[in-house]
Structures are given as structure tokens and as C-alpha cells.
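Chain by chain, the residues run as shown.
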Amino acid sequence: MANLTQLKMLEDLNGFLLVDKPAGIAFASVVKAIKRTFNLVKVGHGGSLDAMASGLFILLVGDANKFTADVMGADRAYTGTMRLGLKTTTHDVYGETVKEAASLEGLDVPGLLEKHIPEFKGDLFQTEPRFSTIRKEGTSGYEIADTGDHSQFLTHVYRLQPTTVDGPRVGFEVSGTKSLLVRTLVNDLGEALGCGAALESLRRTKVGRFSVDDAVPFDRLLTTEMKDFASCVLPMSAALR
């Protein structure tokens with residue numbers, strides 16, 4: 001149990017908490033759990049992260065909320081896996097199947113990737129799908145939410161590189177501006193390939209100058225003693241490095 005000195009210290013705490021969020025938990029649940037566990041008064045975040053995704057999730061503690069726009073506006077980098085031969089309503093493997101290829105036999109996947117990936121670098125127009133995968137509270141599963149129709153928007157991809165090809169699964173690395181929807185990028189690439197593709201896994205590795213390598217796993221944070229929590233929070237000067 002925290003003593004009054006520790007509570008006062010946390011009340012005056014300002015800085016950036018880099019969390020390594022596991023897949024399968026909503027980002028809002030991460031904020032709520034950490035705020036409650038450490039009796040924090042003012043906690044924001046530097047950009048949402050889908051429930052099905054893992055990786056870097058930045059919490060803004062105290063006066064670090066002044067940097068919300070800077071962190072939210074920063075470029076992002078990810079690693080992920082797409083499944084070829086599948087098209088869904090949500091652009092990930094948790095949505096309802098729209099089309100599924102019976103077989104990819106005879107398809108020159110490396111050759112098609114080499115041909116079409118250059119089309120998905122630079123400025124791109126994307127449209128968010130009407131349906132999104134959300135975490136179903138109190139269960140280990142997901143449900144599909146109808147978010148309505150969305151307008152087209154401009155985004156930018158700096159890098160898109162396949163890393164592995166294993167049957168229908170293609171590993172990749174991608175970086176882009178804050179607005180980049182990776183699941184929609186995968187869906188649109190699948191359309192260009194002619195076989196369809198859906199996002200199977202996603203891990204955010206960077207947001208601006210912040211890296212998941214410096215993040216603390218969410219489960220470990222929840223077991224951190226109150227007296228040690230402040231050492232997990234990067235100082236405000238970290239935003240200026």
C-alpha cells in the first residue's frame with residue numbers, strides 16, 4: 001500500500017510512459033488500469049492502438065499532456081503479418097469473410113510483391129472500412145462494430161518491405177505518417193495482387209523518436225511497486241531529444 005509520500009510523488013509526476021501493449025486488450029483498458037493502479041490524476045495517450053495489435057503505446061502523465069499533438073502527429077513504424085487469399089469486411093482476419101481463395105498454388109507471390117509494392121509507397125489515398133474489429137469486454141474474443149461510411153483521406157508510406165513469405169503468410173515492415181491504416185494498406189495490396197489479403201498480426205515499433213525497445217510490458221507494469229513506478233516514466237525532456 002502506498003504511503004502519503006509516494007502518493008504525493010505520483011501526483012506531481014510528469015512524463016512519458018512507454019507501454020508495450022499486448023494483443024487482445026483495448027488501449028482504453030490499458031489507460032484505465034494504469035491510472036487506477038497508481039492513483040494517477042491526469043493521464044492521456046499519444047495515439048490509439050487497435051485491440052488486435054501489440055507494441056508501443058504512449059501514456060502522457062501530468063504535464064506531458066501538453067505534448068499530445070506532437071506525439072499524436074508523429075510518424076509510426078510497424079511489423080506485421082498478412083494472410084494472402086482472404087478478403088474481409090474489417091481488412092483483418094477477425095472480420096467476416098468477403099472472398100477466400102481456394103488455393104494460392106501456382107501464384108508467384110515474391111514476384112507479385114516485387115511488382116506491386118512500389119505502388120504502395122509515397123502518397124496514398126485510403127478509405128477506412130465501414131466495419132472495425134473491437135475487443136469484446138469480459139471475453140477473449142472480438143466483435144465487429146459498424147462505424148458507418150468514411151471519407152477518403154491522404155496518407156504517406158515511407159517504407160513497405162516484405163520480410164518473410166511462408167505459404168499464404170507474408171511478414172512485412174512498414175512506416176508512414178500518423179494517418180496510415182495498415183489493415184487497409186494490406187487490403188488494398190491484396191486487391192492489386194489479385195488474390196486478396198487480410199492483416200493477421202500487427203506490432204507498433206516506433207512513434208516518432210520513441211521505440212518499443214524502451215517500453216515496459218503492460219503486465220510487468222501492473223506488478224511494479226508504487227515506489228518504483230516513477231522510474232518507469234521518461235522525463236519531459238525526452239520529447240526534445
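Just so it is clear, the model here is predicted, and its values are computed rather than measured.

## Side note on the environment of Arg-36
Locating Arg-36 in the fold gives a position in helix α2 (residues 27-37). As for Arg-36 and His-116, which are separated by 80 residues in sequence, their C-alpha atoms are 47 Å apart.

## Side note on the environment of His-156
With respect to the element layout, His-156 can be found in strand β10 (residues 153-166). For His-156, a relative accessible area of 23% translates into the label partly exposed. Along the chain, His-156 and Gln-126 lie 30 residues apart, while their C-alpha atoms are 9.8 Å from each other. If we skip the residues at most four places from it in the chain, His-156 touches Gly-122, Asp-123, Ser-175, Gly-176 and Thr-177. In terms of polar contacts, His-156 uses its side chain to reach the side chain of Asp-123, at 2.7 Å.

## A look at the packing of helix α4 (residues 109-116) against helix α5 (residues 182-193)
The geometry of α4 relative to α5 is characterised by a closest axis approach of 10 Å and an angle of 110° between their N-to-C directions. Between α4 and α5, the interaxial angle falls into the category roughly perpendicular. Both α4 and α5 take part in a crossing whose hand is right-handed. The residues of α5 that touch α4, namely those facing Leu-112, Leu-113 and His-116, are Leu-189, Ala-192 and Leu-193.

Here is what the cut-offs are and how they apply
Residues numbered from 1 in each chain as written. Predicted model: local features only at pLDDT ≥ 70, side-chain atom pairs only at ≥ 80, totals over all residues. Heavy atoms only, no water. Helix = DSSP H or I, 4+ residues; strand = E, 2+ residues; numbered from the N terminus. Buried < 20%, exposed > 50% of the residue type's maximum accessible area, 1.4 Å probe, protein only. Contact = heavy atoms within 4.5 Å. Polar contact = N/O pair within 3.5 Å; in protein donor to acceptor, adjacent residues only side chain to side chain. Axes fitted to C-alpha atoms, helices over the stretch in contact; angles between N-to-C directions. Parallel < 35°, antiparallel > 145°, perpendicular 65-115°, else oblique. Left-handed = near helix turned anticlockwise from the far one by under 90°.

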